[in-house]
Amino acid sequence: MPCAPVSRSVRRLLLAALSAAALVATGVAHAQSQPPIKLLVGFPAGGGTDAIARTLAERLKEHLGRPVLVENKPGAGGQIAAQTLKASPPDGSTFFISHDHTITILPMVVKNPGYDSARDFVPVAGFATFVNAFALSAGTPAKSVDEYVAWVKSQGQGKASIGVPAPASTPEFLVKVMGERYGLDLVSVPYRGSAPMIGDMLGNQIAAGTGSVPDFIEHHKAGKLRVVAVLGGRRQAVLPDVPTFSELGLKGLEDLPYYGIFAPAGTPQPVLEQFAQALAKTIAEPEVKQRLTGWGLDVGFMSGSQLAQREAAYRQVWAEIIRKTGFQPQ
């Protein structure tokens, strides 16, 4: 039996559907043909910043329509990654995820870091604040800061080594402040990022360490390390039983470090806005926000200008703390 002729209106609908499918296929092919965006990380794989970067990259690609690849450039507390960003073309192909250390602290403590944050970078957007913490290895009998101080005085005659993720970092200055506050001779042991430091803590090669809550939180929950104090003006939701240093009488450490995305200076504004919008959508996804919050981050979008203001305020606070320690740029 012969088929009925297709009406003119049905033909038009079929042609429209085929055209739309062709446009979608062309768009997908174009997105896939574009080179990946590089998201630089200044620390080794396995640390807190690396885990955060990979979580964001996984979803950013969906909102940007391009692959986003995390590229670890560890060394010198993030200096190598920052120098790589400075040397990258300002075309939207390379971004840098960083917290306070590389952007704010290093330029104040290193004479020639190889970059000028204000001149060489542009803040794209911020996505969280966090706190640093003081943690003890499982092989250390102490379960509080006071018990740690007593243990150091009884075992080491007041002398002890504390791991820090990078030299001349906020954690290192915390060690100096703690030494003065508790009358201890504390020596910082700098590592190439939090991952190797925590590895030594897990192996009881070093009794204590300072770093961010995201670095410690999973090991603390598993009972492999003990976070015994945090910075900031209030206790952390993921560590409700852990006191702040302010509660313990160590004041002036309430200002919070930040996490943000940076691009090479000269990157076109539309490119910055596109990435910022994609980041805002990414951190608004319930699964992403839950994961970041579970690592101890206080998640919240900051525009590029808001991130710049946050950085300036943080720099002002820590410039005074560093000055009081007597540290001289090296």
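Residues numbered from 1 in each chain as written. Predicted model: local features only at pLDDT ≥ 70, side-chain atom pairs only at ≥ 80, totals over all residues. Heavy atoms only, no water.

With 48 residues, the main nonpolar core has Leu56, Ile97 and Phe127 as its most contacted residues. Those residues in contact with Ile97 that sit more than four places away from it in its chain are Leu39, Leu40, Val41, Thr49, Ile52, Ala53, Leu56, Phe127, Tyr259, Gly260 and Ile261. Listed in part, the 47 residues of the second largest apolar core include Phe134, Leu136, Val145 and Leu184. (Core = buried A, V, L, I, M, F, W, Y, C linked by side-chain atoms within 4.5 Å. Buried < 20%, exposed > 50% of the residue type's maximum accessible area, 1.4 Å probe, protein only. Contact = heavy atoms within 4.5 Å.)

Here the focus is the packing of helix 10 (residues 269-284) against helix 11 (residues 286-294). Relative orientation and spacing of two packed helices are given, respectively, by the angle between their axes and the distance between those axes. The geometry of helix 10 relative to helix 11 is characterised by a closest axis approach of 5 Å and an angle of 75° between their N-to-C directions. One element, helix 10, and the other, helix 11, form an angle in the roughly perpendicular class. Of helix 11, the residues touching helix 10 (which contributes Thr282, Ile283 and Ala284) are Pro286, Val288, Lys289 and Leu292. (Axes fitted to C-alpha atoms, helices over the stretch in contact; angles between N-to-C directions. Helix = DSSP H or I, 4+ residues; strand = E, 2+ residues; numbered from the N terminus. Parallel < 35°, antiparallel > 145°, perpendicular 65-115°, else oblique.)

So, on to the packing of aromatic side chains. Within this structure, the stated rule accounts for 9 aromatic pairs. Between Phe95 and Phe275, the aromatic rings sit 4.0 Å apart at their centres with planes inclined by 25°, giving stacked as the arrangement. Residue Phe95 is found in strand 3 (residues 94-99), and its partner Phe275 is found in helix 10; the two are separated by 180 residues along the sequence. Exposure remark for Phe95: the relative accessible area of 1% places this residue in the buried category. Put simply, the rings of Phe127, Phe130 and Tyr259 pair up and form one aromatic cluster. (Phe/Tyr/Trp six-rings, centres within 6.5 Å; stacked < 30°, edge-to-face > 60°.)

Let's shift gears to the sheet that holds strand 2 (residues 68-72). If you walk across this open sheet you meet the 6 strands as 2-1-3-10-4-11, and the pairing is mixed. The open sheet has two free edges, formed respectively by strand 2 and strand 11 (298-303), since each of these has just one partner strand. Strand-to-strand twist of the sheet, defined as the mean angle between neighbouring strand axes without regard to direction, takes the value 25°. Looking at chain direction, strand 4 (residues 121-129) and strand 10 (residues 258-264) are connected through 7 bridges and run antiparallel. Bridge pairing in strand 10 places Phe121 opposite Pro264. (Pairing = 2+ DSSP bridges.)

With that settled, consider empty space enclosed by the protein. As enumerated under the stated definition, the model contains 1 cavity of 30 Å³ or more in all. Its volume calculated, the largest cavity comes out at about 210 Å³. Together, 21 residues line the largest cavity, and Phe43, His99, Pro165, Ser212 and Asp215 are the ones closest to its centre. Among the secondary structure elements, those contributing two or more residues to the lining of the largest cavity are helix 2 (48-64), helix 4 (100-109), helix 7 (170-182) and strand 8 (208-212). With 3 residues, the single largest contributor to the lining of the largest cavity is helix 2. A per-class count over the lining of the largest cavity returns 7 nonpolar, 11 polar and 3 charged. (1 Å grid on protein atoms, 1.4 Å probe; cavity = no way out; pocket = protein on both sides within 12 Å on 5 of 7 lines; lining within 4 Å. Points joined across faces, edges and corners; volume = space filled by probe spheres on them. Nonpolar A, V, L, I, M, F, W, Y, C, P; charged D, E, K, R; others polar.)

This brings us to the environment of Glu285. Within the fold, Glu285 resides in the loop between helix 10 and helix 11. Non-local contacts of Glu285, meaning those with residues more than four positions away in its chain, are made with Arg59 and His63.

Two side chains carrying opposite charge are able to pair once their charged atoms lie near each other. Going through the model one piece at a time under the given rule, you end up with 11 salt bridges. In this structure, the salt-bridge partner of Arg119 is Asp120, at a minimum N-O distance of 3.2 Å. We classify Asp120 as buried; its relative accessible area is 11%. Between Asp298 and Arg234 there is a salt bridge, with its nearest N and O atoms 3.3 Å apart. Within this pair, whereas Asp298 is found in strand 11, its partner Arg234 is found in the loop between strand 9 (225-230) and strand 10, the two being separated by 64 residues in sequence. Look at Asp298 and you get partly exposed, because its relative accessible area is 39%. The class for Arg234 is partly exposed, based on a relative accessible area of 47%. Connected through shared salt-bridge partners, Lys86, Arg119 and Asp120 make up one network. (Salt bridge = Lys/Arg side-chain N within 4 Å of Asp/Glu carboxyl O.)

Don't take any of this as a statement about function, it's just geometry.
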